[in-house]
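Summary of the model geometry
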Amino acid sequence: MTNASATPQIAAQNPHFHDPDWWRNAVVYQVYPRSFADADNNGTGDVQGIISKLPYLADLGVDALWVSPWYPSPLLDGGYDVADYRDISPRFGTLADADELLTTAHRLGLRVFIDLVPNHSSWDHPLFQAALAAAPGSPERELYYFRDGRGENGDLPPNNWGSMFGGPAWSRTTNPDGTPGQWYLHMFDVSQPDWNWDNPAVPALFDDVLRFWFDRGVDGFRIDVADAMAKDPALPDVTLSPFTGHGANDKHEGSPQWDYPGVEAIQRRWRAVAREYADSDLGERVFVAEAYLDPIQRLIEYVTPDRLHSTFNFDALLSEWSAESQRAVITKSLPAHGAVGAPTTWVLGNHDTIRVVTRFGKPETGTNFAQSVEGEGWEDPAERTIRMHPIPTDVELGLRRARAAALLELSLPGGAYVYQGEELGLPEVEDIPEDLLDDPTWERSGRRLRGRDGCRVPMPWSGQASPFGFGTDAQPWLPQPAAWADLTAEKQASDPGSTLSLYRAALALRRARPEFRTGELSWLDLGADVVAFQRGDALAVVVNFGSAPVSLPAGEVLLTSAPLVEGLLPLDATTWIAL
Ligand code: GLC
């Protein structure tokens, strides 16, 4: 439908737009629609808001955007609870707006990913409502996981699985006569019932969803929890988590819930649908998988030939800010992806994780996810997740490191993801009043984990006071800190030392210099506290994690995340050098 023929304008803005391998080196900007730009001034972002900022993204120099779910949804998990996969939420706009977004983005040389949420729907989805209204054992119920409870009166859940957001993964239904009925499975919020992918009607339904959007001109899908969907049909109990009192979601090998063998066939089926478009204007469509899997070999299976094109590599995001950890991630990731012919990707943040400025501004920089309200840090070894505790953030330090991390990320072989606001150096908002917290994690954890709202605060675009150009004057759905007056895109655009200017310069260089696409990475030894490498023969990247300033290879400094001091690279800084 959308015609993206090679206009001169596209060629000027993005020379790689029509390259069939465009996605291998793409820098993809994540838009969280609720919090990006509010064109109709009702406190919530919308599609017209995104359209209004497409020139900003084109100027920034990214290759693509990924729009988090924009579908009709009760927003009980920020839109990852989809009530209709083939429409746009009236809160965000209309299908005509989506079409306009695709056409405008393509004209500006930007590819567009949207989000596929295949593990679960919203409980508002008409098929789930029909399943609730139907009898146990009916075809309607077979689209989801409905089971009788255990115990004498069926009042115990069918197994011990725990929801990712806390609490049990099963909720009980009520029969039409008011008596308690069967239970249904939801690996996430109670409002997100899991689809039964063993029922052939479910894969068929999602094939149609893919084609619906590909036909409209969507370039690819980010697959939400791409390691879920398939489950051991016996639904066996799993090890209890001492942390939640329910089954642990540790994703170990052999888990009946995560990365279960059935995901392979599903992924191959999707790839075949994407290939149907190989001869279209926009070429074969592309997938990126969201799957937190360990060790990396399990993740790599997802990007073997005929499965998905790419996957988020969360290892950098989950690693501490140290030479040893960052080097280890690079040495592990590149050969692992290379061995199967897939590009590595680099991710510093997203709508689920503590913003990079704040993460790197804490004493422990490898911490992630939920911010606890308890006094002490606490850890659930079974879930591999250290819960962040309320230690004050050194924002200045965090920003310095985040800038260094950005230049490292953008210099590595493969693709990179930029979460909205990263280019402005936004910190996590750690003091959202409890009565405004919206993430289901807050209630489901018994108000112990604040959840992910702190990285979802609406963008500051311009002006001196909230809403900072997000809307005209409506109160944004989450409050913006007054201090963001100094971080608006408008303010940073005119400051050559700003984080926005750093990202623009980095992305322009990345596009201009072929080494960033094709240069082999070879290591340079500048000491244990320094991560240094060349891309090809003529470009060097140096990151200093140590306290001693580092002397640099001879050449012209193209870009630096912090000023050099007497020609030396100071602590927590990255520089790019033309040799
Ligand atoms: C993914 C999304 C997250 C969502 C969850 C359930 O991890 O990124 O935001 O809550 O899946 O859909």
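For clarity, every value in this text was computed on a predicted model and none was experimentally measured. (Residues numbered from 1 in each chain as written. Predicted model: local features only at pLDDT ≥ 70, side-chain atom pairs only at ≥ 80, totals over all residues. Heavy atoms only, no water.)

Quick look at the overall build of the protein chain now. Counting its regular elements, the protein chain contains 15 helices and 21 strands. For the protein chain, the C-alpha radius of gyration of 23 Å lies close to 25 Å, the compact-globule estimate for 579 residues. Along the first, second and third principal axes, the C-alpha set of the protein chain runs to 80 × 55 × 50 Å. Here the protein chain, with 579 residues, has 62% of them falling under the buried criterion. Accessible area for the protein chain stands at about 20700 Å²; split by element, carbon and sulfur atoms hold 53% of it. Across the protein chain, the 46 positively charged side chains and the 81 negatively charged ones have centroids separated by 2 Å. (Helix = DSSP H or I, 4+ residues; strand = E, 2+ residues; numbered from the N terminus. Rg over C-alpha atoms; globule rule 2.2 N^0.38 Å. Buried < 20%, exposed > 50% of the residue type's maximum accessible area, 1.4 Å probe, protein only. Areas by Shrake-Rupley, 256 points an atom, 1.4 Å probe, with all protein chains shown as cover. Lys, Arg positive; Asp, Glu negative; His and termini not counted. Charge placed at Lys NZ, Arg CZ, Asp CG, Glu CD.)

Next up on the list: the packing of aromatic side chains. Any two aromatic rings considered together are summarised by their centre-to-centre distance and by the angle between their planes. Enumeration over the complete set of coordinates arrives at 33 aromatic pairs. Seen in terms of ring centroids, Trp 22 and Phe 113 are 5.8 Å apart; in terms of plane orientation they differ by 55°. Their pairing is tilted. You can see Trp 22 sitting in the loop between α1 (8-13) and β1 (27-31) and its partner Phe 113 sitting in strand β3 (residues 111-116), a full 91 residues away along the chain. Classification of Phe 113 as buried rests on a relative accessible area of 3%. Relative to Phe 221, the ring of Phe 214 has its centre 5.4 Å away and its plane inclined at 65°; by these criteria the two rings are edge-to-face. Given a relative accessible area of 1%, Phe 214 falls into the buried group. For the cation-ring pair, Lys 53 lies above Trp 461, with the distance from its terminal atom to the ring centre recorded as 4.2 Å. (Phe/Tyr/Trp six-rings, centres within 6.5 Å; stacked < 30°, edge-to-face > 60°. Lys NZ or Arg CZ within 6 Å of the ring centre and 35° of its normal.)

The subject of this paragraph is the site of the ligand. As a structural note, the neighbourhood of the ligand is formed by 13 residues, with Asp 77, Asp 224, Glu 290, His 351 and Asp 352 the closest of them. Interatomic distance of 2.6 Å between a side-chain N/O atom of Asp 77 and an oxygen atom of the ligand. A distance of 2.4 Å separates an oxygen atom of the ligand from a polar side-chain atom of Asp 352. Considering the ligand on its own, with 310 Å² of exposed area, one finds that the protein chains cover 95% of that surface. Residue composition of the shell around the ligand, grouped by class: three nonpolar, three polar and seven charged. (Near = heavy atom within 4 Å. Polar contact = N/O pair within 3.5 Å; in protein donor to acceptor, adjacent residues only side chain to side chain. Nonpolar A, V, L, I, M, F, W, Y, C, P; charged D, E, K, R; others polar.)

Time to look at the pattern of salt bridges. Between side chains of opposite charge, a pair can form when the charged atoms approach closely. With the rule as written, the count across this model stands at 32 salt bridges. Across the pair Arg 24 and Asp 21 runs a salt bridge whose closest N-O atoms are separated by 3.5 Å. Residue Arg 24 is classed as partly exposed on the basis of its relative accessible area, which comes to 27%. Asp 21 gets classed as partly exposed once you look at its relative accessible area, which sits at 37%. Across the pair Asp 352 and Arg 452 runs a salt bridge, and its minimum N-O distance is 3.0 Å. Here Arg 452 lies in the loop between α12 (440-444) and α13 (489-493) and Asp 352 lies in the loop between β10 (345-347) and α10 (356-359), a separation of 100 residues in the sequence. No difference in accessibility class separates Asp 352 from Arg 452, as the two residues are buried. Here the salt bridges do not stand alone but share partners, grouping Asp 77, Asp 352, Asp 439, Arg 452 and Arg 456 into one network. (Salt bridge = Lys/Arg side-chain N within 4 Å of Asp/Glu carboxyl O.)

Examined against the element boundaries, Gly 154 turns out to sit in the loop between β4 (146-147) and β5 (170-174). The class of Gly 154 is buried, set by a relative accessible area of 10%. If sequence neighbours within four positions are ignored, Gly 154 has contacts with Gly 149, Arg 172 and Trp 183. (Contact = heavy atoms within 4.5 Å.)

The subject of this paragraph is the nonpolar core. Formed by 139 residues in total, the largest nonpolar core has its most connected members in Tyr 29, Leu 57, Leu 65, Trp 70, Trp 213, Phe 221 and Trp 270. Of all the elements, helix α6 (residues 201-216) adds the most residues to this core, at eight residues. What Trp 213 contacts, discounting residues up to four positions off in sequence, is Trp 70, Tyr 71, Tyr 85, Arg 86, Asp 87, Ile 88, Leu 95, Ala 98, Ile 114, Val 218 and Phe 221. Core analysis: the second largest hydrophobic core is formed by 14 residues, Trp 161, Phe 165, Trp 183 and Leu 185 among them. (Core = buried A, V, L, I, M, F, W, Y, C linked by side-chain atoms within 4.5 Å.)

As a further point, take the sheet that holds β4. Across the sheet, which stays open at both edges, the three strands sit in the order β4-β6-β5 with antiparallel pairing between neighbours. Lying at the two open borders of the sheet, with one neighbouring strand each, are β4 and β5. (Pairing = 2+ DSSP bridges.)

Quick look at the packing of helix α4 (residues 95-107) against α6 now. Where α4 contacts α6, the axes come no closer than 10 Å and their chain directions differ by 55°. By the angle between their axes, α4 is oblique relative to α6. Note on element contacts: α6 touches α4 through Phe 212, Trp 213 and Arg 216, opposite Leu 95, Ala 98, Asp 99 and Leu 102. Residues that form the contact of α4 with α6 fall into these classes: five nonpolar, no polar and two charged. (Axes fitted to C-alpha atoms, helices over the stretch in contact; angles between N-to-C directions. Parallel < 35°, antiparallel > 145°, perpendicular 65-115°, else oblique.)

Let us now look at the environment of Arg 141. Here Arg 141 shows up in the loop between α5 (126-133) and β4. A relative accessible area of 4% places Arg 141 in the buried class. For the pair Arg 141 and Tyr 184, spaced 43 residues apart in sequence, the C-alpha separation works out to 9.3 Å. Not counting the four nearest positions on each side in its chain, Arg 141 is found in contact with Ala 131, Leu 132, Ala 134, Ala 135, Pro 136, Phe 146, Thr 173 and Gln 182. In terms of polar contacts, Arg 141 uses its side chain to reach the side chain of Gln 182, at 2.8 Å.

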